[in-house]
Amino acid sequence: VYCTENNPPFDNGVLNAQLLQQAKAYVDDKQSKTFWFDIRNTDRSVGATLSGYIAQTHGDQGLAADPIIAHFSGTAGQSFGVWNAGGVELYLTGDANDYVGKGMAGGLLAVRPPVGSAFRSHEASIIGNTCLYGATGGRLYAAGRAGERFAVRNSGAITVVEGIGDNGCEYMTGGVVTVLGKTGINFGAGMTGGFAYVLDTDGRFKGRINPEMVEGLSIADLPMHQEHLRGLISRHVELTHSPIGERILSHWEDYVDRFVLVKPKANDVNALLGHKRRTVTELRAVTQ
């Protein structure tokens, strides 16, 4: 028998432990509480331990009405907000690595650059590759670009980002993805459910859609989708103070016709929002 020395992990989950330690009593009592932390790129899977404890104690969505809110400042390591449970709201001022929101089931993630940043946020990456992989619920708002393979296998998360790389929404089966900027190629490959709103910044987006199973439609004659989209962008601006989001809302008539609705060819466009007669008030409510 041959044995080797132990290989302890580099990341001991210190920040995860601190978050759970401070929040545990409030979770037990189902009492909302807000916390503040610094974060760095060696802090991985932040929020996972808290989400696991919430799910174990109250169920995946058991704390949705009494959220634990945590504000972070800095650069998050991989898998920020992974497996996020309902009732966990994580706000990051800075940026994050790959796998943000992987497998998230509920709650909220919001990522924005520091106030006073000189760069144009919608032209800079703020989260990495493979974000929202396998997500089943929750919401992600990012005031900047995401990397490649964004929202692959997403089945229920709702998100607004400001640009993505190749292979966005691949094998997606549910949820809503809004992209306020350029995408890479092969968008929507194998997508069988959910839908996306994409701002066609250069008039070439339809050439970047994988045409096998999805199609791109104008929302010019779809007023309910226009209102739904405007509600999503409004929420994005509220949480991230996105300059490009503010510009779109301020010049709505100039931008609305440039959005493309991407959906599976087999799905009726009038059924995407649940009911073709849904009221404006109801649409606003589902974006919150």
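Just above, that's the structure.
Conventions and cut-offs
- Residues numbered from 1 in each chain as written.
- Predicted model: local features only at pLDDT ≥ 70, side-chain atom pairs only at ≥ 80, totals over all residues.
- Heavy atoms only, no water.
- Salt bridge = Lys/Arg side-chain N within 4 Å of Asp/Glu carboxyl O.
- Buried < 20%, exposed > 50% of the residue type's maximum accessible area, 1.4 Å probe, protein only.
- Core = buried A, V, L, I, M, F, W, Y, C linked by side-chain atoms within 4.5 Å.
- Helix = DSSP H or I, 4+ residues; strand = E, 2+ residues; numbered from the N terminus.
- Contact = heavy atoms within 4.5 Å.
- Expected span 1.5 Å × (residues − 1).
- Pairing = 2+ DSSP bridges.
- Axes fitted to C-alpha atoms, helices over the stretch in contact; angles between N-to-C directions.

### Remarks on the pattern of salt bridges
Under the criterion given, the structure shown has seven salt bridges. A salt bridge links Glu-123 to Arg-120; the shortest N-O distance between them is 3.4 Å. A single burial state applies to Glu-123 and to Arg-120, both of which are exposed. The partner of Asp-202 in a salt bridge is Arg-208, and the shortest N-O contact between them spans 3.2 Å. Of the residues examined, Arg-208 reaches a relative accessible area of 11% and is grouped as buried.

### Digging into the nonpolar core
Counting 53 residues, the largest nonpolar core has Leu-50, Phe-72, Phe-80, Ile-127, Phe-150 and Val-262 as its most contacted members. Here the element with the most residues in this core is helix α1 (residues 14-28); it accounts for five residues. Setting aside its immediate chain neighbours within four residues, Ile-127 contacts Ala-96, Asn-97, Val-100, Val-111, Leu-140, Ala-142, Arg-145, Ala-146, Gly-147, Phe-150 and Val-161. Counting 29 residues, the second largest nonpolar core, distinct from the first, contains Leu-108, Leu-232, Val-269 and Leu-273.

### Overview of helix α3 (residues 223-240)
When the terminal C-alpha atoms of α3 are compared, their 26 Å separation across 18 residues agrees well with the 26 Å that a helix rising 1.5 Å per residue should span. Positive phi appears at His-241, one or two residues downstream of α3, with a value of about 55°.

### A few points about the pairing of strand β5 (residues 139-142)
By the alternation rule, side chains of β5 split into Arg-139 and Tyr-141 and Leu-140 and Ala-142, which are all buried. In this structure, strand β4 (residues 108-112) lies alongside β5, joined through four bridges in parallel fashion. The partner of Val-111 across the bridge, within β5, is Ala-142. Taken together, the three bridges between β5 and strand β6 (residues 155-161) define a ladder with parallel strand orientation. Residue pairing for β6: Leu-140 is matched across the bridge by Thr-159.

### Observations regarding the sheet that holds strand β3 (residues 88-96)
With mixed pairing, the 10 strands of this open sheet are ordered in space as β1-β2-β3-β4-β5-β6-β7-β8-β10-β9. At either end of the open sheet lies a strand with only one pairing partner, and these are β1 (33-39) and β9 (214-218). On average, each strand axis in the sheet is inclined to that of its neighbour by 15°, with strand direction left out of account. The strands that α3 touches are β3, β4, β5, β6, β7 (173-179), β8 (193-199) and β10 (259-264); relative to β5, the one it contacts most, it runs at about 65°.

### Here's the deal with the environment of Thr-57
On the secondary structure map, Thr-57 appears in helix α2 (residues 48-58). The spacing of Thr-57 and Asp-28 is 29 residues in sequence and 7.5 Å in space, taken between C-alpha atoms.

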